[in-house]
Amino acid sequence: MFWLLFFGLARALFLGYQHGLTAQLSALTVLRTFGYGLRLDASAAAYVSVVPFLLLIIGNGFPRFPVQRLLSGYTAAIGIVLTILITADLELYRAWGFRLDDTPLQYLNSPTEMAASAGSAPLLLLALALLTLLAGGWWLYRSIAGRLAPLPGWFGRGRAAFAALLYAALLVVPLRGGTQQIPVNQSDVYFSRIAFANHAAINAPWNLMSALVLRAAERPPQPFMADSTARRLVASVYPRAVGAPAPADSSASILTEARPNVLFIILESFTAKLVGSVGGEVGVTPNLDSLARTGVLFNNIYAAGDRSQKGLVALLSGYPNQPTTSIIKFPRKNEHLPHLCRSLAAAGYSSRYYYGGELAFANMKSYLQTAGYDQLTERSDFATADQNSKWGAHDGILFTRVLSDLQQQQQPFFVTAFTLSSHEPFEVPMKPRYPGPTEADQFRSSVAYTDATLGQFLRQARQQPWYAHTLLVLVADHGHVQPGNSANQSPSKFRIPLLLAGGALRPEARGRVVSTLGSQTDVAATLLHQLHLPAAAFEWSRNLLAAHPVPFAYYCFNNGFGSVSPQGTITFDNVSRQVWERDPGVTDAQLQLSQAMQQISQEDFARK
């Protein structure tokens, strides 16, 4: 009873912390989160009660066994751990849009970067929440559990130990969520078509343990359809991914030379919502918007996922994301991926990769080393005085280093630079352009700073002899929930800019706007086709400049996926196996194609 009430208190705290989302629910829906969440709460309570029940069995058999002290000590230790996890979940959900699972564990080998990410969190508010839950838990324990009553002399210790054993055995029922054949899981508490209401019903510590267990024995999701049907559907968009013949490419060249330098700039969190040239807010990125007027702008591109490491794989390997993990975590698997760096190296390109932070973060370094870059430049390669960000070196420092090194870089070159200043905690070394106190304003200011340093870099780069022979590729690693606090699955969160520019563009191509619906994974094949290099190895990538591309984009979020077509957007939740959101014009055919994309891409991931 104590643990059930403790988890109920935790849910109330979660709903209060996410008060903006909670206010959008009816009072009845809020109450139903407690009712439906009871099954996972009971399961979690049963798991943490196993040790106390075993202690009771032993304590009833041995009179000198310090069962009271052990019970109190265990409850205090587990209570503190759970309180920390529950408090962390409050802010993680606000930032990521899903309940606590094993995702943060991917970053344990990068504690500095983890601390930097948490820099924008309201630490005082979280500390207050933690203390509130600790105090509430302590009061509940004293009121509900208290001290063990002495065993009546007439009852007998053997009988008491046997009774305690029977009580422990009964824990199996709440532990597995009832007497049904299939144990309880997250889908059992999903009751609403509103994602937040379902998320609020989940027990965060239970969700974390479930994710750890499932990840240890991960299997592809249950198929949606016969494999032959799924392969036929995927062939309509990515024929090479299923071994089908690909149509001949008929795109015209937009470049002045066959082997220009390629400067590939990945912009951290540059959501289309803040880029005026693709329909976002005007004035936040004036330099990128100005460059778009003299380049080839793709204004209908969607990120494949929602984290940096996922964006890297999508951009540089043209590979789709996975809904519950990332292939970058598995060196054995990502060694089999194609890579732009390797493709260009075979054509005589030198290469270098720049990042102002730690490349060990999210296993990026292993992936990049496998890609074959000639040299990697990261945080430790910058002077200590230049490490002026919590993440490492701010973008102004990064671009200065790139500009200096490019004067000696062997041509043709493939140079990749990944910015970081527009990552949480959104602190920049300039007066904020948007001084408001909200996270959205802080994010705007950080994007504006990166855009300003990009503009300064480009003004100086145009004076260099290599610029006239260089193709610039500018694209975001992923979108962002801000501004507007987009839902985790919302297409607006995934829409990003893509721009080809630079001195190597033909004059007649400048100012062109390409509205073809496409994915981040399509950048690789588009670039290789322009360089007249083979792109067959990039099976999940297609040429966005082809004469008749299929307008379609597929993306993944946490344990779900979405797709965008000219008819609209549809999103699907893998936990409940149900559609979350569906525009009126979306057909069943688009849903089936989206399901086939996940099914075949997950099978491909499992085989690697």
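Conventions we followed
Residues numbered from 1 in each chain as written. Predicted model: local features only at pLDDT ≥ 70, side-chain atom pairs only at ≥ 80, totals over all residues. Heavy atoms only, no water. Helix = DSSP H or I, 4+ residues; strand = E, 2+ residues; numbered from the N terminus. Rg over C-alpha atoms; globule rule 2.2 N^0.38 Å. Buried < 20%, exposed > 50% of the residue type's maximum accessible area, 1.4 Å probe, protein only. Contact = heavy atoms within 4.5 Å. Arc of directions from axis to C-beta. Salt bridge = Lys/Arg side-chain N within 4 Å of Asp/Glu carboxyl O. Polar contact = N/O pair within 3.5 Å; in protein donor to acceptor, adjacent residues only side chain to side chain. Phe/Tyr/Trp six-rings, centres within 6.5 Å; stacked < 30°, edge-to-face > 60°. Pairing = 2+ DSSP bridges. Axes fitted to C-alpha atoms, helices over the stretch in contact; angles between N-to-C directions. Parallel < 35°, antiparallel > 145°, perpendicular 65-115°, else oblique. Nonpolar A, V, L, I, M, F, W, Y, C, P; charged D, E, K, R; others polar. Left-handed = near helix turned anticlockwise from the far one by under 90°. Core = buried A, V, L, I, M, F, W, Y, C linked by side-chain atoms within 4.5 Å.

Novice: I keep staring at the overall build of the chain and nothing clicks. Help me out?
Specialist: What the chain contains, in helices and strands, is 21 helices and 13 strands. In terms of overall dimensions, the chain is globule-like: its C-alpha atoms have a radius of gyration of 27 Å, near the 25 Å expected for 608 residues. C-alpha atoms of the chain, sized along the principal axes, occupy 100 × 60 × 45 Å. Residues counted as buried form 56% of the 608 residues belonging to the chain. Long-range pairs, those at least 24 residues apart, make up 74% of the contacts in the chain between residues at least 6 apart in sequence.

Novice: Would you explain helix H16 (residues 364–371) in this entry?
Specialist: Of the residues making up H16, those classed as buried are Met364, Tyr367, Leu368 and Ala371. The buried residues of H16 occupy an angular sector of 95° when projected down its axis, which confines them to one face. Elements in contact with the buried residues of H16: helix H13 (308–317), helix H14 (331–334), helix H15 (340–345), strand E3 (350–355), strand E4 (376–377) and strand E5 (413–418). Phi turns positive one or two residues past the end of H16, at Gly372, with a value near 95°.

Novice: How do you make sense of the pattern of salt bridges when you look at a structure like this?
Specialist: Once the charged atoms of two side chains with opposite charge are near each other, the side chains can pair. For the structure shown, the criterion picks out 17 salt bridges. With a shortest N-O distance of 3.2 Å, Arg401 and Asp405 are connected by a salt bridge. With Arg401 and Asp405 both in helix H17 (residues 395–406) and four residues apart, this pair spans about one turn of that helix. Classification of Asp405 as buried rests on a relative accessible area of 14%. One salt-bridge network, held together by shared partners, links Glu91, Arg94 and Glu439.

Novice: Explanation requested: the environment of Asn543 in the structure shown.
Specialist: Mapped onto the elements of the fold, Asn543 is located in the loop between helix H20 (523–530) and strand E10 (553–557). In this structure the C-alpha to C-alpha distance between Asn543 and Ala525, which are 18 residues apart in sequence, comes to 5.2 Å. With residues near it in sequence (within four places) discarded, Asn543 still touches Asp249, Ser251, Ala525, Thr526, His529 and Pro549. Separated by 3.0 Å, the side chain of Asn543 and the backbone nitrogen of Leu545 make a polar contact.

Novice: Would you mind showing me how to read the side chain of Ser308 here?
Specialist: Here Ser308 lies in helix H13. For Ser308, a relative accessible area of 10% translates into the label buried. Residue contacts for Ser308: discarding those within four places in its chain leaves Glu268, Phe418, Asp477 and His478.

Novice: How should I be thinking about the packing of aromatic side chains in this particular structure?
Specialist: For any two aromatic rings, the description comes down to two numbers: the centre-to-centre distance and the angle of the planes. Applying the stated criterion across every chain, the model contains 27 aromatic pairs. Residues Tyr93 and Phe196 carry aromatic rings whose centres are separated by 5.9 Å and whose planes lie at 55° to one another, so their mutual orientation is tilted. Of this pair, Tyr93 sits in helix H4 (residues 67–96) while Phe196 sits in helix H9 (residues 195–201), and the two are 103 residues apart along the sequence. Accessibility expressed as a relative area gives 6% for Tyr93, which makes it buried.

Novice: Help me understand the sheet that holds E10, please; the structure alone is not making it clear to me.
Specialist: Strand pairing in a sheet relies on backbone hydrogen bonds, with the paired strands running either antiparallel or parallel. In space, the four strands of this open sheet follow the order E10-E11-E12-E13, with antiparallel pairing throughout. Where the open sheet ends on each side, the last strands, each with one partner, are E10 and strand E13 (578–582). The mean inter-strand angle of the sheet, taken between neighbouring strand axes irrespective of direction, is 20°.

Novice: Can you walk me through the packing of helix H3 (residues 27–61) against H4 in this structure?
Specialist: At a minimum axis distance of 10 Å, the contact between H3 and H4 shows a crossing angle of 175°. When the axes of H3 and H4 are compared, the pair comes out roughly antiparallel. Touching Val48, Val51, Pro52, Leu55, Leu56 and Gly59 of H3 are Val67, Leu70, Leu71, Tyr74, Ile78 and Leu82, all from H4. Across the contact of H3 with H4, the residue classes break down as 11 nonpolar, one polar and no charged.

Novice: Sorry, what's going on with unusual backbone geometry here?
Specialist: With an omega of -5°, the peptide bond running from Gln411 to Pro412 counts as cis. Along the chain, Pro412 turns up in the loop between H17 and E5. Note that the residue after Glu424, namely Pro425, is joined by a cis bond; omega there is 15°. Relative to the elements of secondary structure, Pro425 occurs in the loop between E5 and helix H18 (439–461).

Novice: Got a minute to help me understand the packing of helix H1 (residues 2–17) against H3 in this structure?
Specialist: For any two helices packed against each other, the geometry comes down to the angle between their axes and how far apart the axes lie. Close contact between H1 and H3 brings their axes to 8 Å; oriented N to C, the two are set at 135°. As judged from the angle between their axes, H1 and H3 are oblique. Our pair here, H1 against H3, has a crossing hand that is right-handed. Together, Trp3, Leu4, Phe7, Gly8, Arg11, Ala12 and Leu15 of H1 and Val30, Thr33, Phe34, Gly37, Leu38, Asp41, Ala42, Ala44, Ala45, Val48 and Ser49 of H3 make up the contact between the two elements. When its residues are assigned to classes, the contact of H1 with H3 shows 12 nonpolar, four polar and two charged.

Novice: I keep staring at the nonpolar core and nothing clicks. Help me out?
Specialist: When a protein is soluble and globular, its nonpolar side chains tend to lie buried together. Among the nonpolar cores identified, the biggest contains 128 residues, and Phe264, Leu316, Tyr353, Phe414 and Phe457 are the most heavily contacted of them. Among the elements that line this core, the one with the most residues is H18, at seven residues. The residues contacting Leu316, other than those within four sequence positions of it, are Phe264, Pro338, His339, Leu340, Tyr353, Tyr367, Leu368, Tyr373, Phe414 and Phe538.

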